[in-house]
Amino acid sequence: MLVIGERINGMFKDVGKAIADKDKAVIQRLAKEQVAAGAGMLDINVGPAAVDAAGAMKWLVETIQEAQDVPLSLDSTKPQVIEAGLKLAKAKAMINSTTADKEKLDVLIPMAKQYGAGLIGLTMDKKGIPRDKNQRSEFAAQIVTACMEGGLNLADLYLDPIILPVNVAQAQATQVLESIREFRLLSGPPPKTVVGLSNVSQGTEKEKKSLINRTFLVMAQACGLEAAILDPLDKELMDGLITAELLLNKHIYCASYLDAYRKK
Ligand code: THG
């Protein structure tokens, strides 16, 4: 499982403030802590409040790379903000994300190729997020076709069925789980899948978020999920993740499997 740390997102108050104040220490600490906790990549999103989004993205990439060697997932709806980060990224990066809209695919597939980056394809278009798995699969097929035609290696593509908050869209969780299974049938070798896990618990009571996140994560892992944007600082979530990998026969059993994963 590729763990993509979600914490460097301007949506969080501490990060939004650190971006506004150019406070490197807050960002560098979050980068180091997430990697120490098992993140193999960090998602970075300047958040809705940043005035100069491209400038903020550059500052985040530079600030993180001063402190930690780790691949970055550049999270923005604006291709120019993503490209500002790609220009500075030292390791193979991820473009987060394109939709199935032609005008987005036409810009972001060549960008992924030019910078040797991975690409997350959200199975939605500008009209919004589908309500069922069939529409999700249609968008997924459009994205896979565009990548094949554009010459992007499918090993670099991650399809995201987009999980919605369970408190307002309860029926969507099973649609997403089935999508993860169905997307695998679109090509051989199968395209990879990713979700932004914390979406599922957004707006639910604080003390229930971790339980909802980790329960959904292990269900998605059983469906074949390859990557997740999540909070690696949530120990119980990471324990669930590694235990699910063990039970899915992705790791050899040993008494110290949890400790080994946490790189203590
Ligand atoms: N798919 C892809 N990228 C994504 C998402 C996705 N990037 C952003 C997001 N979704 C994943 N990251 C987060 C980060 C935080 C939260 C949810 C998803 C979150 N925050 C809490 C809240 O809003 O309730 C707490 C915020 C706070 O403490 O201030 O839930 O789906 N490709």
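A short tour of the structure in this document, coming up. Everything numeric here is computed off the predicted structure, so don't read it as measured data. (Residues numbered from 1 in each chain as written. Predicted model: local features only at pLDDT ≥ 70, side-chain atom pairs only at ≥ 80, totals over all residues. Heavy atoms only, no water.)

## What to know about the layout of surface pockets
Right, so step 1: Put simply, the largest pocket is a space of about 1300 Å³.
Right, so step 2: What lines the largest pocket is a set of 46 residues, among which Asn9, Met11, Asp75, Asn199 and Gln202 lie closest to the centre.
Right, so step 3: Counting only elements with at least two residues in the lining of the largest pocket, the list comes to β1 (2–9), β2 (41–45), β4 (94–98) and α8 (206–222).
Right, so step 4: Ranked by residue count, the leading element in the lining of the largest pocket is α8, at 4 residues.
Right, so step 5: Residues belonging to the lining of the largest pocket are distributed by class as follows: 16 nonpolar, 16 polar and 14 charged.
Right, so step 6: If you add up the space inside the second largest pocket, you get close to 190 Å³.
Right, so step 7: Taken together, 15 residues form the lining of the second largest pocket, with Ile19, Ala20, Ala50, Val51 and Ala56 sitting closest to its centre. (1 Å grid on protein atoms, 1.4 Å probe; cavity = no way out; pocket = protein on both sides within 12 Å on 5 of 7 lines; lining within 4 Å. Points joined across faces, edges and corners; volume = space filled by probe spheres on them. Helix = DSSP H or I, 4+ residues; strand = E, 2+ residues; numbered from the N terminus. Nonpolar A, V, L, I, M, F, W, Y, C, P; charged D, E, K, R; others polar.)

## Side note on helix α2 (residues 24–36)
Right, so step 1: The end-to-end C-alpha distance of α2 is 18 Å, a good match for the 18 Å that 13 residues give at a rise of 1.5 Å each.
Right, so step 2: Of the surrounding secondary structure, the elements contacted by the buried residues of α2 are β1, α1 (13–21), β2 and α3 (53–67).
Right, so step 3: Its side-chain oxygen 3.3 Å from the backbone nitrogen of Ala25, Asp23 forms the N-cap of α2. (Expected span 1.5 Å × (residues − 1). Contact = heavy atoms within 4.5 Å. Polar contact = N/O pair within 3.5 Å; in protein donor to acceptor, adjacent residues only side chain to side chain.)

## Concerning α8
Right, so step 1: In a regular helix each residue adds 1.5 Å, so 17 residues correspond to 24 Å; α8 covers 26 Å between its end C-alpha atoms and thus fits that length.
Right, so step 2: Turning to α8, its buried residues number three or more, namely Ser210, Asn213, Phe216, Leu217, Ala220 and Gln221. Viewed end-on, α8 has its buried residues packed into an arc of 145°, placing them on one side of the element. Residues of α8 that are exposed and point over 90 degrees away from its buried face: Glu207 and Ala222.
Right, so step 3: Gly224, located one to two residues past α8, shows a positive phi value of around 110°. (Buried < 20%, exposed > 50% of the residue type's maximum accessible area, 1.4 Å probe, protein only. Arc of directions from axis to C-beta.)

## Regarding the site of the ligand
Right, so step 1: Among the 14 residues in the neighbourhood of the ligand, the closest are listed as Asp75, Asn96, Asp160, Asn199 and Lys209.
Right, so step 2: Separating a nitrogen atom of the ligand from a side-chain N or O atom of Asp75 is a distance of 2.8 Å.
Right, so step 3: Taking Asn199, its side chain carries an N or O atom lying 2.7 Å from an oxygen atom of the ligand.
Right, so step 4: For the ligand, whose unbound accessible area comes to 670 Å², protein coverage reaches 78%.
Right, so step 5: For the shell around the ligand, the class distribution of residues is 5 nonpolar, 5 polar and 4 charged. (Near = heavy atom within 4 Å. Areas by Shrake-Rupley, 256 points an atom, 1.4 Å probe, with all protein chains shown as cover.)

## As for the side chain of Asp160
Right, so step 1: With respect to the element layout, Asp160 can be found in strand β6 (residues 157–160).
Right, so step 2: Buried and unpaired, Asp160 has no salt bridge, with Arg136 as the nearest side chain of opposite charge at 7.5 Å.
Right, so step 3: Asp160 has contacts with Ile120, Gly121, Leu122, Thr123, Val194, Val195 and Gly196, leaving out every residue within four places of it along the chain. (Lys, Arg positive; Asp, Glu negative; His and termini not counted. Salt bridge = Lys/Arg side-chain N within 4 Å of Asp/Glu carboxyl O.)

## Thoughts on the packing of aromatic side chains
The geometry of an aromatic ring pair comes down to the distance between the two centres and the angle between the two planes.
Right, so step 1: Per the stated rule, a full pass over the model turns up 0 aromatic pairs.
Right, so step 2: Between the NZ or CZ atom of Arg7 and the centre of the ring of Phe12, over which it lies, the distance is 4.5 Å. (Phe/Tyr/Trp six-rings, centres within 6.5 Å; stacked < 30°, edge-to-face > 60°. Lys NZ or Arg CZ within 6 Å of the ring centre and 35° of its normal.)

## Some thoughts on the pairing of strand β7 (residues 192–196)
Right, so step 1: Among the 5 residues that make up β7, 4 are buried, leaving the element largely enclosed by the rest of the structure.
Right, so step 2: When β6 meets β7, the two strands line up parallel, connected through 2 bridges. Residue Tyr158 lies in a different strand from β7, and its bridge partner there is Lys192.
Right, so step 3: Viewed along the sheet, the connection from β6 through helix α7 (residues 172–183) into β7 turns out right-handed.
Right, so step 4: In the sheet, β7 pairs with strand β8 (residues 227–230) via 3 bridges, with the strands oriented parallel. Along β8, the bridge assignment pairs Gly196 with Ile229.
Right, so step 5: With α8 bridging β7 and the parallel β8, this β-α-β connection has right-handed handedness. (Pairing = 2+ DSSP bridges. Right-handed = clockwise from strand over helix to strand, strands pointing away.)

## A word on the pattern of salt bridges
Right, so step 1: Tallied over the entire structure, the rule returns 12 salt bridges.
Right, so step 2: Note that Asp106 is salt-bridged to Lys102, the shortest N-O span being 2.7 Å. In this pair, Asp106 and Lys102 are both assigned in helix α5 (residues 102–115), 4 residues apart and thus about one turn of the helix distant.
Right, so step 3: Here Asp106 falls in the partly exposed class, since its relative accessible area comes to 45%.
Right, so step 4: One salt bridge connects Arg214 with Glu236, and the closest N-O pair in it is separated by 3.8 Å. Here the residue Arg214 occupies a position in helix α8, and Glu236 occupies one in helix α9 (residues 235–247), the gap between them amounting to 22 residues.
Right, so step 5: Residue Arg214 is classed as partly exposed on the basis of its relative accessible area of 23%.
Right, so step 6: A network of salt bridges, in which partner residues are shared, links Lys133, Glu178 and Glu182.

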